[in-house]
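The chain contents come next:
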Amino acid sequence: MGKLVQNNKKNYSQKEEKPVEETLPQNKGEKNLMDKTEKIWKKLFWGISLFFLVLFVILGLQAGTSGDEFYHLNHAKDVINYYRTFGEDTVAVSVTAASSAENSREYGQTPDNIACLIATVFGIEDIITVRHLTNVVFGWVGMLFAALLAYRVSRKWYAAIITAILLFLSPRYLGHSFNNLKDIPFSAMMMMGVYYIYYFLQTIPRPPKRVVIMLAVSIGLAIGIRVGGLLLIAYFGFFSVIYFIAQWVNARNENKLQLKTKIKKKTAEKDKIWTLFKNLLGYGLLISFAGYFLAVLIWPYALEAPFKHVYEVYTKMAHFQISLRQVFEGANQWSDVLPGYYTPKYILMSIPIAVILGMILYPFVGGWKKGNRASFLFVYFAFIFPVFWIVYTKANVYGGWRHALFAYPPMVVAAGLGFSALVEFLKNKYLKIAAMALPVLLLITPLFHIMKNHPYEYIYFNELAGGMEAMYGNYEMDYYYHSTRKASEWVIANAEKNGLETGDKIIVSSWHPVSVGYFLRHDTSKFQANFLRWYERSNFDWDYSIFVITGMPPEQIKSEHFPPKNTVHTIDVNGKPVCLILKRNDKSDWKGFQYKSENKIDSAIYYFQKALEIDEWNEVVMMNLIETYFQVGMLDSAKLYLDRVLEFLPLHESANYMLAHYYLSKNNFDDALIVANKMIECNFKSRGAYLLACNIYLQQNNLTSAGRMLERLIDIDQLDNQGVNQLIEIYKAQGLDEANAYRKLYITIAQSFEKRGRKEEAEEYKSLANRIR
């Protein structure tokens with residue numbers, strides 16, 4: 001079974017606890033002390049690690065906020081109040097108007113709580129900085145234990161060094177280490193847990209106490225961050241079983257001779273195996289229970305019902321209901337139906353080539369040797385299984401591959417082992433030097449990316465993917481909204497009143513006014529932060545606006561008319577804008593919208609046309625003008641602007657919806673239906689498109705197709721009471737009486753739920769259908 005098994009053949013029956021070093025794989029020149037070369041490598045490793053810690057801290061201090069930051073910050077305050085009042089303040093464990101977010105209680109979010117506690121105890125006003133410093137420490141811990149696992153597997157400090165360098169220079173990991181207090185700490189605790197599982201199996205039957213304690217702590221903290229930390233208990237059990245089976249098989253193979261003296265030895269071996277079994281079982285239960293108990297103590301919602309609530313959250317997270325639009329392969333796609341290869345493809349496109357090459361090399365240059373196979377399988381399982389499970393279960397993931405970040409450090413361990421084994425594999429001195437230089441050379445591109453684009457390191461695509469030039473507009477960029485800090489700071493430094501203000505303050509609007517407002521908090525006498533959507537930017541009053549390009553149509557981002565003419569500054573990554581700062585030099589668009597809202601059509605049209613003289617490709621103004629023309633029956637005038645919008649935004653839902661209605665006004669049902677089906681193809685959750693198609697089919701007296709459109713709304717949970725009544729009427733028009741019409745509806749709903757794995761709801765509707773005779 002490899003090193004893990006070989007390591008313990010001589011150990012598992014001894015009464016006294018052996019020094020840890022005696023239980024580890026030993027190189028030829030290494031007995032109880034490392035040779036001089038390894039000592040140098042060890043000192044170098046710790047020096048590099050401490051240097052990286054300093055860099056982590058320095059870089060983290062310059063980062064912006066993440067998209068989820070304030071939800072978790074507010075919930076952390078609720079958690080502190082929960083413990084401070086000994087559970088009397090229940091906001092942290094409830095879904096109420098006072099709670100920070102509906103599902104906040106379902107996260108233990110231990111790092112957030114630690115940061116909030118530190119800021120509260122020491123009276124630190126800048127809590128965001130405290131949060132980021134907390135997070136970078138977790139990021140560093142993840143790097144440290146990845147490197148230590150590489151050493152423990154290979155017994156080479158060079159492997160640890162190259163693993164640390166690979167992970168630190170992985171832009172996605174480094175960038176998330178600044179402000180992602182969910183995925184990075186979870187990744188770090190999972191990595192720490194994997195390390196101590198390996199360490200535990202190397203030293204069983206009598207592992208050092210610190211190993212037992214730290215493994216329990218790893219499990220507890222992992223679950224205390226995200227319920228998925230239960231996976232560590234599963235890992236622990238799985239590898240313990242595999243290890244025991246391997247030891248048992250080895251014991252059997254050594255006792256095949258049936259001589260009398262050997263039979264006695266066989267009996268002794270059975271006793272040893274039984275002892276091993278008891279130790280694995282005893283330690284396993286103790287560590288798992290202790291870790292779970294720790295998680296319950298630090299997670300308020302679990303503390304309220306230690307088994308019920310944990311199981312409830314686990315099952316809910318396994319079938320996460322939130323669905324977000326994500327730019328993937330050049331199209332806006334819903335996260336709950338992304339292709340199965342989404343996560344592995346995203347990983348391979350956005351990690352350094354050095355990591356890919358290293359993990360491919362390892363099995364060919366030493367990883368698959370008989371003495372290394374157990375360790376090889378252990379490390380590779382730790383990163384392959386989570387990604388496989390995401391693909392197999394069709395997990396709802398989004399935001400790049402941040403939900404799979406915990407699988408990445410073991411992947412880097414494999415890469416570090418690969419480069420280390422390559423050095424050992426080669427015998428020529430100069431080839432060895434070249435092999436040691438190889439990963440460093442391959443890391444030049446990500447290093448330059450980090451230096452050039454800090455603090456937006458995580459917006460990274462490797463050379464195989466074509467870099468930012470090929471990926472821009474085809475994949476998510478600043479999906480965690482890091483750039484709002486630099487944009488806000490630019491506004492503070494450069495924004496001036498120009499006489500168009502409607503009040504005493506300069507209005508700065510954004511999709512994320514909480515984040516922008518935080519950075520404007522010392523300048524509230526001058527600035528006011530407001531909420532504003534991109535596709536409504538002409539409909540409200542503002543003086544400056546900050547827009548991260550996440551959520552914008554990919555075809556608009558890649559258009560020659562992007563960014564808009566009133567863009568005064570951009571935050572760029574490799575020359576591509578990921579955040580825009582717009583300045584309003586004229587408010588005709590807003591005035592036109594006000595007049596439109598007041599039904600003052602002539603004035604609205606005047607100001608909309610005036611606004612288009614300033615920016616003829618402002619699609620928000622054009623859509624407002626189109627709606628105004630429709631309002632007064634000037635459909636051919638509306639059609640001119642519909643053509644212009646669809647020229648550069650062919651998938652614009654509202655424009656296509658209006659185009660279909662234009663065709664309907666001309667009794668052109670076929671073209672209207674083509675547009676409606678195009679809308680459904682582009683966004684299968686567009687309720688309006690299904691209703692539009694249904695009405696067109698009804699006008700064509702095609703009851704079957706009309707009913708099918710409404711039935712498809714069942715599959716996306718958007719069939720409301722009005723839709724139910726309409727569908728019942730269609731069934732009745734097809735010849736069913738009311739009872740059987742409802743029976744058919746219930747059967748259709750049950751089939752939809754069954755198809756989507758919602759068995760309980762399916763059974764409920766089957767029961768309703770069966771009651772109708």
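Above this text is the structure in question.
Described in the following lines is the structure provided in the data block.

Cut-offs and rules
- Throughout, residues of each chain are indexed from 1 in the direction in which the sequence is written.
- The predicted nature of this model means local features are confined to residues of pLDDT at least 70 and side-chain atom pairs, given and counted, to a pLDDT of 80 or more, with totals for whole chains, interfaces and linings taken over all residues.
- Heavy atoms from the whole structure form the basis of all side-chain values; hydrogens and water molecules are not counted.
- Cavities and pockets were defined on a 1 Å grid built from protein atoms only: a cavity is a group of points that admits a 1.4 Å probe but offers it no way out, a pocket is an open group of points flanked by protein on both sides within 12 Å along at least five of seven lines, and a lining residue is one with an atom within 4 Å of any such point.
- Grid points are joined across faces, edges and corners, and a volume is the space filled by probe spheres set on the points.
- Residues were grouped as follows: Ala, Val, Leu, Ile, Met, Phe, Trp, Tyr, Cys and Pro as nonpolar; Asp, Glu, Lys and Arg as charged; and all remaining residues, including Gly, as polar.
- At least two bridges found by DSSP between two strands are what make those strands a pair.
- Secondary structure elements follow DSSP: runs of H or I no shorter than four residues count as helices, runs of E no shorter than two count as strands, and numbering proceeds from the N terminus.
- To define axes, lines are fitted to C-alpha atoms, for helices over the stretch in contact only, and angles between the resulting N-to-C directions are given on a 0 to 180 degree scale.
- Residue contacts follow a heavy-atom distance rule, with two residues in contact if any of their heavy atoms lie within 4.5 Å.
- By the definition adopted for this analysis, an angle is roughly parallel if under 35 degrees, roughly antiparallel if over 145, roughly perpendicular if from 65 to 115, and oblique otherwise.
- Handedness of a helix crossing follows the sense of rotation of the near helix relative to the far helix, less than a right angle counterclockwise being left-handed and clockwise being right-handed.
- A helix is expected to reach a length of 1.5 Å times the quantity of its residues less one.
- Buried residues are those whose accessible area, probed at 1.4 Å on protein chains only, stays under 20% of the maximum for their type, while exposed residues exceed 50% and partly exposed ones sit between those limits.
- Looking down the strands as they point away from you, a crossover is right-handed if its path from the first strand over the helix to the second goes clockwise.

Digging into empty space enclosed by the protein
- Applying the stated rule across the entire model yields four cavities of 30 Å³ or more.
- In this structure, the largest cavity encloses a volume near 60 Å³.
- Along its surface, the largest cavity is lined by Val327, Gly473, Tyr475, Glu476, Met477, Ile549, Thr550, Gly551, Met552, Pro554 and Ile557.
- The computed volume of the second largest cavity comes to approximately 50 Å³.
- Looking at the second largest cavity, the residues that line it are Ser66, Asp68, Glu69, His72, Asp112, Arg131, Asn179, Asn180, Leu181, Lys182 and Tyr480.
- For the lining of the second largest cavity, the residue count by class is two nonpolar, four polar and five charged.

Let's talk about the pairing of strand 1 (residues 325-328)
- Relative to strand 2 (residues 331-334), strand 1 runs antiparallel, the two sharing four bridges. When the bridges of strand 2 are listed, valine 327 appears paired with asparagine 332.

Describing the sheet that holds strand 4 (residues 527-531)
- The five strands are arranged 4-3-5-7-6 in an open sheet whose pairing can be described as mixed. Every interior strand has two partners, whereas the edge strands, strand 4 and strand 6 (567-573), have only one. The average undirected angle you get between the axes of adjacent strands in this sheet is 20°.
- Bridge count for strand 3 (residues 506-510) against strand 5 (residues 544-548) is three bridges, and the pairing is parallel. Directly across from valine 508, in strand 5, lies its bridge partner tyrosine 544.
- Of the strands in this sheet, strand 3, strand 4, strand 5, strand 6 and strand 7 (576-583) touch helix 21 (residues 484-494), which is tilted by about 165° from strand 5.

Some thoughts on the packing of helix 10 (residues 230-253) against helix 16 (residues 373-392)
- One way to put it is that helix 10 packs onto helix 16 with a least axis distance of 12 Å and a crossing angle of 140°. What the angle tells us is that helix 10 and helix 16 run oblique. In this structure, the crossing between helix 10 and helix 16 has a hand that is right-handed. Each of Leu231, Tyr235, Phe238 and Phe239 in helix 10 lies in contact with helix 16, whose residues at this interface are Phe378, Phe381, Ala382, Phe385 and Pro386.
- Residue classes in the contact of helix 10 with helix 16 are distributed as nine nonpolar, no polar and no charged.

Points about helix 25 (residues 601-614)
- Taking 1.5 Å of rise per residue, 14 residues should cover 20 Å, and helix 25 covers 20 Å from first to last C-alpha, within 8% of that figure.
- Where helix 25 is buried, its residues meet helix 24 (588-597), helix 26 (619-631) and helix 27 (635-648).

Details of the pairing of strand 3
- Within strand 3, five of the five residues are buried, which leaves the element mostly enclosed by the surrounding structure.
- Going residue by residue along strand 3, you find Ile506, Val508 and Ser510 tucked away on one face and Ile507 and Ser509 tucked away on the opposite face as well.
- As judged from the five bridges shared by strand 3 and strand 4, these two strands associate in the parallel manner. Bridging across to strand 4, isoleucine 506 finds its partner in phenylalanine 527.
- In this view, the connection linking strand 3 to its parallel neighbour strand 4 by way of helix 22 (residues 513-519) has right-handed handedness.

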